[in-house]
Amino acid sequence: AQSVTQLGSHVSVSEGALVLLRCNYSSSVPPYLFWYVQYPNQGLQLLLKYTTGATLVKGINGFEAEFKKSETSFHLTKPSAHMSDAAEYFCAVSEPSNTGKLIFGQGTTLQVKP
Amino acid sequence: DTAVSQTPKYLVTQMGNDKSIKCEQNLGHDTMYWYKQDSKKFLKIMFSYNNKELIINETVPNRFSPKSPDKAHLNLHINSLELGDSAVYFCASSLTGDSYNEQFFGPGTRLTVL
């Protein structure tokens with residue numbers, strides 16, 4: 001069965017500092033991997049995704065993530081945090097299928113301090 | 001223009017009542033989903049419809065019944081509401097049911113059962 005673990009339910013960084021949000025997954029087949037962001041009282045928005053090809057993927061708002069098969073990881077990074085990045089971040093995994101079923105991690109709250 | 005809309009945004013009701021949440025998407029997608037986000041922000045898929053056909057039906061109590069009158073709409077009806085049903089319910093849609101597709105989320109419906 002697929003699962004996703006996000007290490008750290010709460011991450012706090014200073015404005016301008018590196019953002020690193022960790023995600024590890026388990027899957028019996030090569031997975032598709034996603035990062036979604038949820039701003040307060042809003043729905044989720046896709047930041048980036050990995051399906052096939054280049055393992056370093058770039059997303060919106062300066063975020064990127066690297067798929068590391070050997071480590072079963074898909075960590076999210078941003079070189080310089082901005083106050084507007086404060087939000088809830090979800091890592092998700094799916095198996096290639098025609099159902100679109102996403103399995104989400106428990107989420108990481110990113111706090112950005114001035 | 002709103003891509004995925006849900007009504008109502010807030011729903012407060014008594015235990016035992018029956019309520020419905022409506023979802024509409026204007027993206028031309030053929031697959032729609034319902035997710036439940038609990039008080040700890042954990043997201044779990046409940047149902048998925050592709051071209052009005054049910055393709056995902058997770059272990060959800062049969063008090064929950066989705067209905068898709070057409071590809072652009074997916075409603076959620078809940079009978080005999082219980083305290084544990086209190087959560088935020090998100091509707092989402094994607095172009096097809098293929099798992100690599102981005103899912104677009106609505107703003108959520110916060111259900112409170114008293």
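Please refer to the structure placed before this passage.
A few points on the structure. The structure presented is a predicted model; accordingly, all values stated were derived computationally and were not measured. The residue count restarts for each chain, going from 1 along the sequence in the order it is written. For naming, the first written chain is A and the first written ligand is 1, with later ones following in the order written. Owing to the predicted nature of the model, reporting of local features is limited to residues with pLDDT of at least 70; listing and counting of side-chain atom pairs is limited to 80 or more, with chain, interface and lining totals taken over all residues. Each side-chain value is derived from all of the structure's non-hydrogen atoms; neither hydrogens nor water enter the calculation.

## Some words on the overall build of chain B
Counted only if it meets this: Secondary structure is summarised from DSSP: a helix means a run of H or I of at least four residues, a strand means a run of E of at least two, and numbering begins at the N terminus for each. With the radius of gyration taken over C-alpha atoms, the globule rule is written as 2.2 Å times the number of residues to the power 0.38.
A tally of helices and strands in chain B yields 0 helices and 11 strands. Listed N to C, the secondary structure of chain B is β-β-β-β-β-β-β-β-β-β-β in terms of helices and strands. Over its C-alpha trace chain B gives a radius of gyration of 13 Å, about what one expects of a compact globule, namely 13 Å for 114 residues. Projected onto its principal axes, the C-alpha positions of chain B cover 35 × 30 × 25 Å.

## Quick look at the environment of S12(A)
Residue and element names in this part refer to chain A. Basically, it comes down to this: Throughout this description, buried means an accessible area under 20% of the type-specific maximum (1.4 Å probe, protein chains only), exposed means over 50%, and partly exposed covers the range between. Residues count as neighbours in contact if any of their non-hydrogen atoms are within 4.5 Å of one another. Under the rule applied, a polar contact is a pair of N or O atoms within 3.5 Å (in protein, one hydrogen donor and one hydrogen acceptor; residues adjacent in sequence only if both atoms are side-chain atoms).
Position of S12 relative to the elements: it lies in strand β2 (residues 10-14). The class for S12 is partly exposed, based on a relative accessible area of 35%. Spatially, the C-alpha atoms of S12 and Q111 are 4.6 Å apart, while their sequence positions differ by 99 residues. When near neighbours in sequence (up to four residues on either side) are disregarded, S12 contacts Q111 and K113. At 3.2 Å, the side chain of S12 forms a polar contact with the side chain of Q111.

## Description of the interface of chain B and chain A
Our working rule: Using a 1.4 Å probe, buried area is obtained as the accessible area two parts lose upon being combined, added over both of them. Take a side-chain nitrogen of Lys or Arg and a carboxyl oxygen of Asp or Glu: if they are within 4 Å of each other, that pair is a salt bridge.
Facing 25 residues of chain B, the contacting portion of chain A comprises 25 residues. Overall, the association of chain B and chain A removes approximately 1,900 Å² of surface from exposure, summing both partners, and the carbon and sulfur fraction of that is 54%. In this assembly, chain B and chain A are joined by 2 salt bridges. A salt bridge links K101(A) to E58(B), with the nearest nitrogen and oxygen atoms 3.1 Å apart.

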